[in-house]
Amino acid sequence: MEDLQEAQSPLQKPRKATPQAEDTLNGHLPPGWQSYMSPQGRRYYVNTFTNETTWERPSSVPGTPKSPVSQKSSAVNGYYISGTPVHQLDSGHTSLRKASGDPQTPGSPAAPRRQSKESSLTINCVTFPHPDIMPEQQLLKPSEWSYCDYFWADKKDSQGNNTVSGFEILLQKQLKGKQMQKEMAEFVRERIKIEEEYAKNLSKLSQNSLAAQEEGTLGEAWAQLKKSLADEAEVHLKFSSKLQSEVEKPLLNFRENFKKDMKKCDHHIADLRKQLASRYAAVEKARKALTERQKDLEMKTQQLEVKLSNKTEEEIKKARRKSTQAGDDLMRCVDLYNQAQSKWFEEMVTTTLELERLEVERVEMIRQHLCQYTQLRHETDMFNQSTVELVDQLLRKVDPAKDRELWVKEHKTGDIRPVDMEI
């Protein structure tokens, strides 16, 4: 994750505020409350018992209203574009955020959602900044065309019917690479079979008795040529054996290990994406509940304007409490969603870099073993050449005149020529 940390220098975390004149003048915070500073330098408060957040300084006087911190945020590549930063509930969880805009109160009846829609959009449960106001984002690995920078969104498949995630596209490439490696191993296996069959046929041919009665220097060269076939057969058997041990077997072994690594990557990211979808569904449910509570509060407020009564006032208080609770629930759901998306983002970066490493390793491994194949092939050619060198030497020594002399000496029947008959 070093690349991730280096590339995302703009990321900021909430800072715990130091005691200032404000706290001194207004007295200490109630028990359980802590003061923090947002990345914009604005103070907000967190109840460590209930995880409640608010912009307004809490008071120890009962019934003091509090405005909860809004959580209208979106995330792309680990940044959170939000009205205000949400406090990190877990110090061990690294929340990557980038804040902008003004605070709003989800529990308030007048809290508009228009700004959220304009600032971000959610596609397949992943939240992105709106294209019109998209903030500048530095690539995690500039100038490298790395997997971790270009596969965050989903896209239609080749038929245009279904949606495929960017990570699934990467997996498809890796699976294709695995298949190509398998086919290369099958190709080498076929090459081995050809070599074995060729060696077998050469050995058989070297034992053939054809032209075995050739004599002289030519006969000697012919016999050596037939012997060279047996030597060449042995060379090709060694070549096929080395192909199997030094090329085919490593290809198959690497493929099996590659397959195991791929399974781990696939399941892990898929689980995180499912969790993100579940968190998003919870956010939508909480948002709907907040809208209903706000409508109920607005309706009861209108009733109060028409008819004043203690009963109506109690109902308004009750509706306000429910609306505030709905706002708190929405903030909690959004924060859980953002944490899930942040975790998915971090694992996406880690896993895509791992897939990138595996791909480089796969290509380099295949390249090395194909180089080994060509080296073995060159060695085989050299050995084959050496088997016919003696044949070449003997062929250069073939002398028909000498062969005739030797043959005549061995097979002559007499050197006295016939003469004419006399009467």
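None of these values were measured; they are calculated from a predicted model.

A. Focus on the overall build of the chain. Of the regular secondary structure elements, the chain holds 8 helices and 10 strands. In the chain, the proportion of contacts linking residues at least 24 apart, taken out of those at least 6 apart, comes to 66%. When the accessible surface of the chain is split by element, carbon and sulfur atoms take 52% of a total near 26200 Å².

B. The arrangement of the pairing of strand 7 (residues 120-123) in detail. Where strand 7 meets strand 8 (residues 126-129), 4 bridges bridge the pair, whose relative direction is antiparallel. The residue bridging leucine 121 from the neighbouring strand is phenylalanine 128, located in strand 8.

C. Representation of the pattern of salt bridges. Counted by the stated rule, this structure contains 16 salt bridges. For arginine 273, the salt bridge is made with aspartate 154, and the minimal N-O distance between the two is 3.0 Å. Placement of arginine 273 in helix 6 (residues 216-306) and of aspartate 154 in the loop between helix 4 (147-150) and strand 9 (155-156) is noted, with a sequence separation of 119 residues between them. A salt bridge links glutamate 190 to lysine 193; the shortest N-O distance between them is 3.7 Å. Here glutamate 190 and its partner lysine 193 are both found in helix 5 (residues 166-206), 3 residues apart, which amounts to about one turn of the helix. In this structure lysine 193 comes out as partly exposed when scored by relative accessible area, which is 42%. By sharing partners, the salt bridges in this structure join Lys141, Glu144 and Glu356 into a single network.

D. The arrangement of a positive patch on the surface in detail. Positive charge collects at one region of the surface, where Arg293, Lys317, Lys318, Arg320, Arg321 and Lys322 lie side by side. Element by element, the count of residues in the positive patch is highest for helix 7 (residues 310-396), at 5 residues. Tracing the backbone through its elements, the reader meets arginine 320 in helix 7.

E. Quick look at the confidence of the model for the chain. Averaged over every residue, the pLDDT of the chain is 78; the share at 70 or more is 75%. Within the chain, helix 5 carries the highest mean pLDDT (93), whereas strand 6 (residues 79-82) carries the lowest (35). Note on residues 1-26: pLDDT is under 50 here. Beyond four places in sequence and across chains, it has 54 contacts. Taken as a whole, residues 108-117 scores under 50 in pLDDT and shows 15 contacts with residues more than four places along the chain or in a different chain.

F. Seen up close, a nonpolar patch on the surface. Taken together, the side chains of Met180, Met184 and Leu370 present a nonpolar region at the surface, about 220 Å² in accessible area. Take methionine 180: it is sitting in helix 5. For methionine 180, a relative accessible area of 32% translates into the label partly exposed.

G. Structural context of the pairing of strand 3 (residues 43-47). Buried residues dominate strand 3, accounting for 5 of its 5 residues. Burial along strand 3 is two-sided: the residues Arg43, Tyr45 and Asn47 and Tyr44 and Val46 are all buried.

H. View of unusual backbone geometry. A positive phi angle, close to 75°, is found at cysteine 125, a residue other than glycine. Within the secondary structure, cysteine 125 sits in the loop between strand 7 and strand 8. Look at alanine 211: it is not a glycine, yet its phi comes out positive at around 60°. The residue alanine 211 is located in the loop between helix 5 and helix 6 in this model. When its relative accessible area of 44% is taken as the criterion, alanine 211 is described as partly exposed.

I. View of the side chain of glutamine 174. Following the sequence through the fold, glutamine 174 ends up in helix 5. We classify glutamine 174 as buried; its relative accessible area is 0%. With residues near it in sequence (within four places) discarded, glutamine 174 still touches Tyr147, Phe258, Met262, Leu355 and Glu359.

J. Quick look at the environment of alanine 223. With respect to the helices and strands, the residue alanine 223 is situated in helix 6. Using a relative accessible area of 44% as the deciding quantity, one classes alanine 223 as partly exposed.

K. How the structure looks around the environment of phenylalanine 254. Locating phenylalanine 254 in the fold gives a position in helix 6. Judged by relative accessible area, phenylalanine 254 falls into the buried class, the value being 13%. Here the alpha-carbon distance between phenylalanine 254 and isoleucine 366, two residues 112 residues apart in the chain, equals 9.5 Å. Sequence-distant contacts of phenylalanine 254, that is, excluding residues within four places in its chain, are made with Gln181, Glu361, Arg362 and Met365.

Thresholds applied
Residues numbered from 1 in each chain as written. Predicted model: local features only at pLDDT ≥ 70, side-chain atom pairs only at ≥ 80, totals over all residues. Heavy atoms only, no water. Helix = DSSP H or I, 4+ residues; strand = E, 2+ residues; numbered from the N terminus. Contact = heavy atoms within 4.5 Å. Areas by Shrake-Rupley, 256 points an atom, 1.4 Å probe, with all protein chains shown as cover. Pairing = 2+ DSSP bridges. Salt bridge = Lys/Arg side-chain N within 4 Å of Asp/Glu carboxyl O. Buried < 20%, exposed > 50% of the residue type's maximum accessible area, 1.4 Å probe, protein only. Patch = residues over 30% accessible without salt bridge, like charges linked within 9 Å, V, L, I, M, F, W, Y side chains within 5 Å. Lys, Arg positive; Asp, Glu negative; His and termini not counted. Charge placed at Lys NZ, Arg CZ, Asp CG, Glu CD. pLDDT = per-residue confidence, 0-100.

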